[in-house]
Amino acid sequence: MSEGARRIVVVGAGYVGLVTAVGLASLGHRVELVETGPERLAALRAGRSPIHEAGLPAALTRALADGRLTIAAAPGLAAELVMVCVGTPIGANGRSDLSQLDGALRSLAPIMAGGAPLVVRSTLPPGSTRLVAEWTGLPTSRILTNPEFLRQGTALADFLHPTRIVIGHFPDADPAAIELVTALFAGLGAPVLVVDVAAAELIKNGANAFLALKLSFANEMAGLAEEYGTDIEAVIAGIALDPRIGGQYLRPGLGFGGSCLPKELVALAVAGEDRDLQMHVTRAASDANAAQQRRFAERIDRAAGGVRGRTVALLGLAFKAGTDDVRDSPAMGVARDLLARGARVRAYDPAAAANAARELPELELAATAEAALDDADVAVIATEWPAFRAIDWAAARARLRRPLVVDGRRLLDRDTMEGLGYHYLAVGTDRSGDLDALEAIAVPALEAIT
């Protein structure tokens, strides 16, 4: 190994664990990645990335080829540092399910006897890091947290170019352990914050919750723009010029999803309520997100003159472009709503179709975007994949039964689409156009059917 390289065991090969292991190997460390899931383990041993993430397949191949990364079903490396990166999803009771973390920690007992620090990179709800000490019996001096700030779709780039490194510790932390974790990321140029574990938990949960708040605000403003007959683009541009606000995460859409933002809103709300503190803002953001998805489905229904018995071409299933993750995807939420309204939903996604089919078998999947559009009554853009912008929309018009497009991501240009003869409705555009769609497109079509 090169000077400064460390021997690290990373437990869990999900988004966080796999990206962390490959990222650390790319920095020159020797990493053993532990995964117990048979399918994921087999894929990794064959050199295949089980998740869709930009740059990850090539980086995984390089790390395996040069021996910096090995894959194991159980920890065996004499580690200088152990990182736990398993999932902590929200359970049915609204609390984080820490069973994967508990199981992972129990499996580590044989290698923790050597004195290596234990670093929890999994996202933990406020107040729960103390459980790690209870479950493992390790002294708190050896337990640290290192929350991640990775965006799906750009996770590997975010690992290698972080905005900050956060290290959480207990009061009796071993300074050498803190220094070891800090040294892992040497040379990346990011500010390092060494804080107590409670602060680290709140930094992680609070950062994602605040992003969710901005998105919810943008979506509510888009609704006002629709009702008052203007376009949200000009409104957001004017708001974003205030340097106290800025424009990031003020892009309106049909809602937000994924494995982080919705979960952290719930985790913060529950953490506050556990201490008799009502988290009004975070609860409202969750409610607003659910309402935005319902409102978008209602707009599709209204524009199409009712979707019962009609075919909806749903372009996009992943919660965002660049990933195959459909967890809490607003596209999936809208699909469920449309199916419940009696629509036939024919969907296409460049990466997430298989995951979506497992979660929602009622979906009809198309092999291409164009195939999804064939004889559809309305086309809906639900994920901002660039490939949907690149569709030959002039030719696609002949595929659709009616030239009606409802854009939940403001991906297309309104003037261009209207110039091609489409009735184009987007989040944050004048809602009065919905009636035009109903009168100019839906009603004649209904008369033709009857």
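Along each chain, residues carry numbers from 1 onward, in the same order as the chain's sequence is written. Only residues with pLDDT of 70 or above have their local features reported here, since the model is predicted, and side-chain atom pairs are shown and tallied only from 80 upward, although totals for entire chains, interfaces and linings are computed over all residues. Excluding hydrogens and water, the side-chain figures rest on all heavy atoms present in the structure.

Here we look at the side chain of Thr 20
The following threshold applies: Secondary structure elements follow DSSP: runs of H or I of four or more residues count as helices, runs of E of two or more count as strands, with numbering from the N terminus. What qualifies as a polar contact is a pair of N or O atoms within 3.5 Å, subject to a donor-acceptor requirement within protein and to the restriction that residues adjacent in sequence count only when both atoms come from side chains.
Tracing the sequence through the fold places Thr 20 in helix α1 (residues 15-26). In this structure the side chain of Thr 20 is engaged in a polar contact, spanning 2.8 Å, whose partner is the side chain of Arg 121.

Brief notes about the confidence of the model for the protein chain
Keep this limit in mind: As a per-residue measure, pLDDT reflects the predictor's confidence and takes values from 0 up to 100. Throughout, a residue-residue contact means that at least one pair of heavy atoms, one from each residue, lies within 4.5 Å.
Mean pLDDT over the protein chain stands at 93; residues scoring 70 or higher make up 95%. Across residues 442-450 the pLDDT falls below 50, and counting only partners more than four positions away or on other chains, this stretch makes twelve contacts in the model.

A look at the sheet that holds strand β10 (residues 344-348)
Condition: Here, a strand pair is defined by DSSP locating no fewer than two bridges between the strands.
An order of β11-β10-β9-β12-β13-β14 is seen for the six strands of this open sheet, with the pairing classed as parallel. What marks the edges here is a single partner per strand, and that holds for β11 (364-365) and β14 (423-426). Note: β10 against β11, two bridges, orientation parallel. Residue pairing in the sheet places Arg 346 in a bridge with Glu 364 of β11.

Topic: the side chain of Glu 53
Within the secondary structure, Glu 53 sits in the loop between α2 (38-45) and α3 (56-65). When residues no more than four places from it in sequence are discounted, the contact partners of Glu 53 are Tyr 15, Arg 151, Gln 152, Gly 153, Thr 154, Ala 155 and Gly 322.

Side note on the pairing of strand β8 (residues 192-196)
What counts, and what does not: Here the term right-handed applies to a crossover when the path leading from its first strand over the helix to its second strand runs clockwise, the strands being oriented away from the viewer.
Of the strand pairs in this sheet, strand β7 (residues 165-169) and β8 are connected by five bridges, and their pairing is parallel. Its bridge partner lying in β8, Val 166 is registered against Leu 193. Handedness of the crossover joining β7 and β8 through helix α8 (residues 175-184) is recorded here as right-handed.

With respect to the packing of aromatic side chains
Operational definition: The criterion for an aromatic pair is that two Phe, Tyr or Trp rings (for Trp, the six-membered ring) have centres within 6.5 Å, with stacked assigned to planes under 30 degrees apart, edge-to-face to planes over 60 apart and tilted to the rest. Here's how the labels work: a residue is buried when its accessible area is under 20% of the maximum for its type, exposed when over 50%, partly exposed in between, all with a 1.4 Å probe on protein chains only. As a reminder, the over-ring test applies to NZ of lysine and CZ of arginine, requiring each to be within 6 Å of the ring centre and within 35 degrees of the ring normal.
On inspection of all chains with the given rule, the structure shows three aromatic pairs. Seen from their ring centres, Tyr 348 and Phe 388 are 6.2 Å apart, and the 70° between their planes marks the pair as edge-to-face. Taken together, the positions of Tyr 348 in strand β10 and Phe 388 in helix α16 (residues 386-389) put the pair 40 residues apart, joining distant regions of the chain. When sorted by exposure, Tyr 348 lands in the same class as Phe 388, which is buried. Residues Trp 393 and Tyr 422 carry aromatic rings whose centres are separated by 5.9 Å and whose planes lie at 85° to one another, so their mutual orientation is edge-to-face. Here Trp 393, found in helix α17 (residues 393-396), pairs with Tyr 422, found in the loop between α18 (414-419) and β14; they are 29 residues apart in sequence, far enough to count as distant. Taken as a pair, Trp 393 and Tyr 422 share a single burial class, namely buried. Geometry around Phe 149 places Arg 164 over its ring, the cationic atom sitting 3.7 Å from the centre.

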